[in-house]
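Okay, here's what each chain looks like letter by letter:
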Amino acid sequence: MKIRFVLFLFVAILAHTLAAQQRCASFDYMQSQLGKNPSLQGKMDAIERFTQNSIKKSQNIQSRLEDGLVIRIPVVVHILYHEPGENISDSRVMEQIAALNRDYRRMNTDTVNTPNYFKQFAADSRIEFRLAISDPQQRSTTGIIRKYTPIAQWEGNDKMKFSSSYGDDAWDADSYLNIWVCNLKGVLGYSSFIGGPANLDGVVISNSVFGQTGTFSAYDKGRTAVHEVGHWLNLKHLWGDTDCGDDQVADTPPQSTFTMGCPSGMKVSCNNSPTGNMYMNYMDFTYDDCMNMFTKGQMDRMRAQFDEGGPRSLLLFSQGLNTPLVYQTEVPDSPPKWLHPQLYPNPATNELNLDLVYDIRWLGKTVTIFNSAGQVEMQFVINSKYQKIDISRLPGGLYLMSAKKEDGATIREKFIKI
Ligand SMILES: [Zn+2]
């Protein structure tokens, strides 16, 4: 019995760990924002009415013709890195932009995997993405911002969207799609919701799944961003975030909940036969390899946001893709000299120096020194960014210095006392 209980606990913890690496936190995020500011609901309801009216209006021929226009969205990518390896390359950014264009234009080669009974609904949304060439002051830009941050790991609480909290401020949301790429804790991505505050507008993508050569193999086709940008363009999850809920799109069948992994065959729920769930839609939670379509209804909903008076309409007047007025040389970001604590001299006799100037938030944190048997030899609180440590009373040998702070950053430095 005891073994079974332990096994149960193990499975429960494993399930929790898997759930902790969530595909998308946009709905939870929206709920928490609404909790903080209930008046946003009215704004969202008004946008929903606008969207529905706009879709109805687009039934007439004039709008149908206008529908042929390709919408190009200027993008700015804010790369926040703590470790040098997180400062992802320009080519990976290009891969991500290419993935967005591939899927929003239905140029993806895996359209062959769309089941025949859903092919008639699949759509080329005629929405494209381009890295901005002009910044908000109309100076030249690559559309990629790189910034060292002392934050090792980010919660889904928008702190990455502000320089004041070691992130990077959004560019004008009426002119740019802001994408933040960072080490996001427990979730692959989340999007702001339409109607939310402009300085929070945009999508946040974990650096492990950004581009098409990330480190998370089930999610390495750039489709986390495809999904999150879908939310940014006012798409909901297929299940409407409740059992057999409504995503406000007519041609996506109702389904009971999200789909994980990579299913095959028909999965029926919510009386949605003869087709079953549309789990290969980008707004489900399946693996990147197993999603391949938006529908016409989703396309109408996304494009409605750009109609005159719509919440994304000002993007059509963005200067972000216009020739810049001022050409400037890109100033490389200046990461601090040390991205890690420096411990010296090593080996040491009586005194060690711990240089924490790269991140002064270590002040006040407790450091523990273990001997090679794993026993605690010393503990002290950091009170200077150039901390001096008296080790004169330690016996000769190998030691480990260890500390951790709330953002997940750690100190783990070995030293030898002689
Ligand atoms: Zn989502």
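Residues numbered from 1 in each chain as written. Predicted model: local features only at pLDDT ≥ 70, side-chain atom pairs only at ≥ 80, totals over all residues. Heavy atoms only, no water.

Taken domain by domain, the chain consists of domain 1 (22-317) and domain 2 (342-417). Between domain 1 and domain 2, the C-alpha centre-to-centre distance is 44 Å. In this complex, domain 1 contributes six residues to the contact, which on the side of domain 2 involves seven residues. Surface buried jointly by domain 1 and domain 2 totals about 500 Å² across both partners, of which 52% is contributed by carbon and sulfur atoms. (Domains from an automatic or database assignment. Contact = heavy atoms within 4.5 Å. Buried area = accessible area lost by both parts, 1.4 Å probe.)

Further remarks concern unusual backbone geometry. Of the consecutive residues Ser273 and Pro274, the connecting peptide bond is found in the cis state with omega at 15°. For Pro274, the location among the structural elements is in the loop between helix 7 (223-232) and helix 8 (296-304). With an omega of 5°, the peptide bond running from Asn346 to Pro347 counts as cis. Relative to the helices and strands, Pro347 resides in the loop between strand 7 (342-344) and strand 8 (351-355). Non-glycine residue Gln138 carries a positive phi angle of around 60°. The residue Gln138 is located in the loop between strand 2 (127-131) and strand 3 (144-148) in this model. You will see that Asn234, though not glycine, has its phi angle at about 75°, which is positive. Considering the arrangement of structural elements, one finds Asn234 in the loop between helix 7 and helix 8. (Helix = DSSP H or I, 4+ residues; strand = E, 2+ residues; numbered from the N terminus.)

In space, the three strands of this open sheet follow the order 7-8-11, with antiparallel pairing throughout. The open sheet has two edge strands, strand 7 and strand 11 (386-390), and neither has a second partner. Taken over all neighbouring pairs, the strand axes of this sheet differ in orientation by 20° on average, direction set aside. Pairing of strand 8 with strand 11, which is carried by five bridges, proceeds in the antiparallel orientation. For Leu354, the partnering residue across the bridge sits in strand 11 and is Gln387. (Pairing = 2+ DSSP bridges. Axes fitted to C-alpha atoms, helices over the stretch in contact; angles between N-to-C directions.)

Right, let's talk about the pattern of salt bridges for a bit. This structure, assessed with the given rule, holds 17 salt bridges. Ionic pairing is found between Arg223 and Asp110, a salt bridge with its closest N-O pair at 2.7 Å. One end of the pair, Arg223, is in helix 7; the other, Asp110, is in the loop between helix 5 (90-104) and helix 6 (116-119), with 113 residues separating them in the sequence. For the pair Arg223 and Asp110, one class covers both residues: buried. In this structure, Arg139 and Asp135 form a salt bridge, with 2.9 Å as the shortest nitrogen-oxygen distance. Residue classification places Arg139 among the partly exposed positions, given a relative accessible area of 32%. A network of salt bridges, in which partner residues are shared, links Arg72, Arg105, Asp124, Glu128 and Arg130. (Salt bridge = Lys/Arg side-chain N within 4 Å of Asp/Glu carboxyl O. Buried < 20%, exposed > 50% of the residue type's maximum accessible area, 1.4 Å probe, protein only.)

Moving on, we get to the coordination of the zinc ion. Those protein atoms acting as donors to the zinc ion are Cys24 (SG), His227 (NE2), His231 (NE2) and His237 (NE2), and they sit at 1.9 to 2.1 Å. With four donor atoms in place around the zinc ion and angles of 98 to 119° between them, the coordination shape is tetrahedral. On the primary sequence, the residues serving as donors to the zinc ion are separated as C-x202-H-x3-H-x5-H. Here Cys24, found in the loop between helix 1 (2-20) and helix 2 (26-36), pairs with His231, found in helix 7; they are 207 residues apart in sequence, far enough to count as distant. (Donors = N, O, S within 2.8 Å, 3.2 Å for Na, K, Ca; no water. Tetrahedral: all angles 85-135°; square planar, octahedral: opposite > 155°, others 65-115°.)

Tracing the backbone through its elements, the reader meets Asp220 in the loop between strand 6 (203-206) and helix 7. Looking at Asp220, its side chain comes within polar contact range of the side chain of Lys221, at 3.3 Å. Setting aside residues no more than four positions away along its own chain, Asp220 makes contact with Gly211, Gln212, Thr213, Gly214 and Asp288. (Polar contact = N/O pair within 3.5 Å; in protein donor to acceptor, adjacent residues only side chain to side chain.)

Our next topic: the sheet that holds strand 12 (residues 397-404). The antiparallel open sheet is built from four strands, whose spatial order is 10-9-12-13. Sheet topology places strand 10 (376-381) and strand 13 (410-417) at the edges, where each strand pairs with a single neighbour. Geometrically, the sheet is characterised by an average inter-axis angle of 20° between neighbouring strands, direction not taken into account. Where strand 9 (residues 366-371) and strand 10 come together, five bridges link them in antiparallel fashion. Among the inter-strand pairings, Thr368 is bridged to a residue of strand 10, identified as Gln379.

Topologically, Ala198 is positioned in the loop between strand 5 (189-191) and strand 6. Placed 74 residues apart in sequence, Ala198 and Asp124 show a C-alpha to C-alpha distance of 28 Å.

A cluster of nonpolar residues, Tyr117, Met266 and Val268, forms a patch on the protein surface that exposes about 260 Å² of accessible area. Within the secondary structure, Tyr117 is located in helix 6. Tyr117 gets classed as partly exposed once you look at its relative accessible area, which sits at 32%. (Patch = residues over 30% accessible without salt bridge, like charges linked within 9 Å, V, L, I, M, F, W, Y side chains within 5 Å. Areas by Shrake-Rupley, 256 points an atom, 1.4 Å probe, with all protein chains shown as cover.)

Here the focus is the environment of Ser91. Mapped onto the elements of the fold, Ser91 is located in helix 5. Looking at Ser91, the relative accessible area reads 45%, which means it is partly exposed. Remark: the alpha-carbon pair of Ser91 and Asp220, spanning 129 residues in sequence, is separated by 14 Å. Separated by 3.1 Å, the side chains of Ser91 and Ser89 make a polar contact.

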